[in-house]
Structure formats: structure tokens, C-alpha cells
Amino acid sequence: MAAIEKIEAGFYRVPLPVPLSDSTHGTMTSFELMTVRVRDADGAEGIGYTYTTGHNGGAVARLLAHDIPEIVGREDADRIERLWQKVWWGLHYGGRGGPSVLAQSAFDMALWDLNARRANLPLWRLLGGHDPAVPCYAGGIDLHLSVDDLIKEHDANLAKGFRAIKMKAGRTRMSEDVERIKGLRGYLGDGFPLMADANMAWTADEAIRRARAFEPYGLVWLEEPIIPDDVAGHARVVAHGGVPIATGENLRSLYEFKALIAAGGVSFPEPDVTNCGGITVFMKVAHLAEAYNLPVTSHGAHDVSVHLLAACPNRSFLEIHGFGLDRYIAEPLPLRDGNAIAPDRPGHGINFDWAGLGKHAAS
């Protein structure tokens, strides 16, 4: 048991290799990456991170650099549940979401990484261990692409070894969404796992209308059809849309997931470890989903999320995100036969290229 000795925050604005677009966030040319390194008195270090699509990163970085170190002091780094509660309530009055929970998620991730490294175990084993080979899909951010360009993009993903694909939906006209889904389904063939992501584009009534139009194309799920706040609307879409629903990347607490799951508003709960409260909360959501006999999936941060799903017997697909962090880490996540393989390195195994990231340091 070693006390926390130092917490070091980083803030970077990282350009994307190519611009990405969806129905809500528009065109993105860069993303904000906030990192945290937690060192204990023995010199062991754990790394955590979170990200935004372009704004609020400065607030997250300040919380990591100033507020969280002030709250936790020199507590024992292995008392993760105690530290989680201390940070949650320390930031609660001005938080309960937004930058506060993103910062807490990164800090919690660093603590789990630190403890796994101290135990000389890969994170997925420390969390219980189930199966390191996790089915994965390529998450395209491609709403702007024509059918032909969509096929070209995902043809490249097939060549990389992906055996499941997610595309964007949410065009202004439903006929355009149907045309794109039909075109990609025709190219991939029946039975190939295909998902569509609307990024909260619609009302519940419109989501039901579109889900029914997409039903003939055998989607594994329709993701985020409506805003996360509309629990009753989600339940209506699940009940009447005819397509399974994945959602959760914009839910910020265990309690929000509990309300949605209990209402019957989700088929595939989808926490994001970088914004739901960290590994501590992600695993609680996964176990809650298991209690409701639901499969759990993930959003973003695939190099960490692979460990979490590898520890879950009710895991479904891991999202491989398109933000391009692979350029800044030493050993990108390997794929084999359509599966992402959780590494056996101690901790989550991510070692950033700090010098390369430093070229994109933000103030």
C-alpha cells in the first residue's frame, strides 16, 4: 500500500488524420486529449485519459491538475472505491457530469492501471478475467460519405481484419439513410454484423419511423437514436422500432444506466470508460446489465475498454474508434479473426509517446 505521491495532468489538441462527421457534432478536424499520470511513493505509475470532440478540454485538464490532487491528497492509491467516492462528492456540487466526471474517469483509470501494474497483472485479469479475445467492430464516423465512398472506407476495414462494421445514420432525409444502409448491407452480405449510429438525431417518433425502415437490413443495433435524457422515449423505441437499441455513451453515472435499463430502454448498454465515471463505474454497469440478462458493449477508448469487456461474460462487441490514438501509443491493439486481443502486459498496457503528443500541447 503506497500513498499517492504525484498527479500530473496533460492537455493536447490532436489533429485527426482525416476530417470526421456525424449528425450532431458536425465536422471534426481534431480532438482534445486529457491525460493523467498518478505516481505512488514507491515510484509506480498509472496512466489515465479522457477526450472531447473539441471543447471543454481545458476545464477537464484543470480539474485533473488542481482540484482532484487537492481532494485526494496522499491517500493510499489502492483504495480505489474510497478515492472514487471522495472525488465524486468533492466535485459533486459543481459537477455530477460534464468536465467533472470526465476528469474523474481519467483519474480512476489511472488508479486501476497503477494497481494492475503493481500486481504485475494485465488489467483484464485483475478485473476477474473471462476471455482476452473480444469481438470488435470498426466504428466509422462517415455520415458525409456517399454509398460508394462508404464501401471504399469499409473495404479498407475488412482488409485490416474487421469482421463487423458500424456506420453513421442521421441524414436529413430518411431515404438517404435507407439508401446508405441498403448499399452497405448489399456489399457486406446478409448475416455480416452491421450497426448504425444516429448520434441522438431524432425524436422518439422519428426514431421509430426510421428503425422500422431499417428493419429489413438486419442491423445488430441502432445506436443513440434519441437524446440520452428521454428514458420513456427510449423504451418506446425499443418496444416499437423493431431494431435493438444501443446507447449509453452520453450517460454519466451508474444511476442513469440503472434508470434506462430498468425502464426497458436499451438492448445493448454502452458505457464509455472515459466519461461514465471510469473503470469502477463501467464494471458496475456491466454487472447491472448482466443482472438484466443484457449484453454490454463499449464506446471509445478501445485500448482500455478491451480489458473491461475481456472481464465480462456478458460482453458483446468492442468499438474500435477512429480518433487515431494509435499514432501516439507504443503497441496498438492487435486484431485476430475479427477479435481484439487484450494484451498481457501489466496494467492496461498503454504507453504514450509523450514527445509526440507534446507537439500538440494545448494551453
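This text gives an overview of the structure that appears in the document. (Residues numbered from 1 in each chain as written. Predicted model: local features only at pLDDT ≥ 70, side-chain atom pairs only at ≥ 80, totals over all residues. Heavy atoms only, no water.)

1. A closer look at the nonpolar core
Piece 1. Judged by nonpolar contacts, the single largest core of 112 residues is most densely connected at Phe 107 and Ile 279.
Piece 2. Here the element with the most residues in this core is helix H3 (residues 98–118); it accounts for 11 residues.
Piece 3. With near-sequence residues (within four places) excluded, Ile 279 lies in contact with Asp 108, Met 109, Trp 112, Leu 123, Leu 127, Val 273, Val 304 and Leu 308.
Piece 4. Ranked by size, the runner-up nonpolar core spans seven residues in total, among them Tyr 137, Ala 164, Phe 268 and Phe 317. (Core = buried A, V, L, I, M, F, W, Y, C linked by side-chain atoms within 4.5 Å. Buried < 20%, exposed > 50% of the residue type's maximum accessible area, 1.4 Å probe, protein only. Helix = DSSP H or I, 4+ residues; strand = E, 2+ residues; numbered from the N terminus. Contact = heavy atoms within 4.5 Å.)

2. Digging into the pattern of salt bridges
Piece 1. Using the criterion set out here, one finds 24 salt bridges in the structure.
Piece 2. The partner of Lys 166 in a salt bridge is Glu 319, with the nearest N and O atoms 2.9 Å apart. Of this pair, Lys 166 sits in strand S5 (residues 165–168) while Glu 319 sits in strand S10 (residues 318–320), and the two are 153 residues apart along the sequence. Of the two residues, Lys 166 and Glu 319, both sit in the buried class.
Piece 3. Asp 205 is the partner of Arg 236 in a salt bridge, and the nearest nitrogen-oxygen pair spans 2.3 Å. One end of the pair, Arg 236, is in helix H8 (residues 231–240); the other, Asp 205, is in helix H7 (residues 204–214), with 31 residues separating them in the sequence.
Piece 4. Members of the salt-bridge network, linked through shared partners, are Lys 166, Lys 168, Asp 197, Glu 223 and Glu 319. (Salt bridge = Lys/Arg side-chain N within 4 Å of Asp/Glu carboxyl O.)

3. Re the side chain of Lys 166
Piece 1. Looking at Lys 166, the relative accessible area reads 1%, which means it is buried.
Piece 2. Separated by 3.4 Å, the side chains of Lys 166 and Asp 197 make a polar contact. (Polar contact = N/O pair within 3.5 Å; in protein donor to acceptor, adjacent residues only side chain to side chain.)

4. Topic: the packing of helix H2 (residues 80–91) against H3
Packed helices, taken two at a time, are described by the angle their axes make and the gap between the axes.
Piece 1. Taken N-terminus to C-terminus, the directions of H2 and H3 make an angle of 165 degrees; their axes are 11 Å apart at the nearest point. Judged by the inter-axis angle, H2 sits roughly antiparallel to H3. Remark: the crossing between H2 and H3 carries right-handed chirality. For the pair formed by H2 and H3, the contact residues are Ile 80, Leu 83, Trp 84, Val 87, Trp 88 and Leu 91 on the first element and Ser 100, Val 101, Gln 104, Phe 107, Asp 108, Leu 111, Trp 112 and Asn 115 on the second.
Piece 2. Looking at the contact of H2 with H3 residue by residue, the classes come out as 10 nonpolar, three polar and one charged. (Axes fitted to C-alpha atoms, helices over the stretch in contact; angles between N-to-C directions. Parallel < 35°, antiparallel > 145°, perpendicular 65-115°, else oblique. Left-handed = near helix turned anticlockwise from the far one by under 90°. Nonpolar A, V, L, I, M, F, W, Y, C, P; charged D, E, K, R; others polar.)

5. Considering the packing of aromatic side chains
Piece 1. Inspection of the entire model under this criterion finds eight aromatic pairs.
Piece 2. Pairing Tyr 137 with Phe 317 gives two aromatic rings, centres 6.5 Å apart and planes at 70 degrees, and the pair type is edge-to-face. A residue pair is termed long-range when its members are at least 10 positions apart, and Tyr 137 in strand S4 (residues 133–139) and Phe 317 in the loop between helix H11 (302–310) and S10 qualify at 180 residues. One exposure class covers both Tyr 137 and Phe 317, and it is buried. (Phe/Tyr/Trp six-rings, centres within 6.5 Å; stacked < 30°, edge-to-face > 60°.)

6. What about unusual backbone geometry?
Piece 1. Even without being a glycine, Asn 56 presents a positive backbone phi close to 80 degrees.
Piece 2. Topologically, Asn 56 is positioned in the loop between strand S3 (45–52) and helix H1 (57–72).
Piece 3. Despite not being glycine, Met 200 has its phi angle at roughly 65 degrees, a positive value.
Piece 4. In this structure, Met 200 sits in the loop between strand S6 (194–197) and H7.
Piece 5. Taking relative accessible area as the criterion, Met 200 reaches 17% and is therefore assigned buried.

7. Thoughts on H1
Piece 1. If you check H1, its first and last C-alpha atoms are 21 Å apart, about what 16 residues at 1.5 Å a residue would give, namely 22 Å.
Piece 2. In the structure, H1 departs most strongly from a straight axis at Leu 63, where the bend amounts to approximately 40 degrees.
Piece 3. Downstream of H1 by a residue or two, Gly 73 has a phi angle that is positive, lying close to 55 degrees. (Expected span 1.5 Å × (residues − 1). Bend = angle between axes of the 7 residues up to and from the residue.)

8. A closer look at helix H6 (residues 174–188)
Piece 1. Here H6 is 15 residues long and its end C-alpha atoms lie 21 Å apart, about the 21 Å a rise of 1.5 Å per residue gives.
Piece 2. When H6 is considered as a whole, its buried residues turn out to be Asp 177, Val 178, Arg 180, Ile 181, Leu 184, Arg 185 and Leu 188. One face of H6 carries all of its buried residues, which in axial projection span an arc of 165 degrees. Exposed side chains of H6 directed beyond 90 degrees from the buried face belong to Lys 182 and Gly 186.
Piece 3. On its buried face, H6 is in contact with helix H5 (147–160), S5, S6 and H7. (Arc of directions from axis to C-beta.)

9. Points about the environment of Ala 103
Piece 1. The residue Ala 103 is located in helix H3 in this model.
Piece 2. A relative accessible area of 0% places Ala 103 in the buried class.
Piece 3. Each C-alpha atom of the pair Ala 103 and Ser 267 lies 28 Å from the other, and the pair is 164 residues apart in sequence.
Piece 4. What Ala 103 contacts, discounting residues up to four positions off in sequence, is Val 60, Leu 63, Leu 64 and Ile 68.

10. Some points on the pairing of S4
Piece 1. With respect to burial, S4 is a largely interior element, five of its seven residues being buried.
Piece 2. Summarising the sheet, S4 and S10 pair through three bridges and their orientation is parallel. Bridging from a neighbouring strand, Cys 136 pairs with Leu 318 of S10.
Piece 3. Examined bridge by bridge, S4 and S5 share two bridges and lie parallel to one another. Among the inter-strand pairings, Ala 138 is bridged to a residue of S5, identified as Ile 165. (Pairing = 2+ DSSP bridges.)

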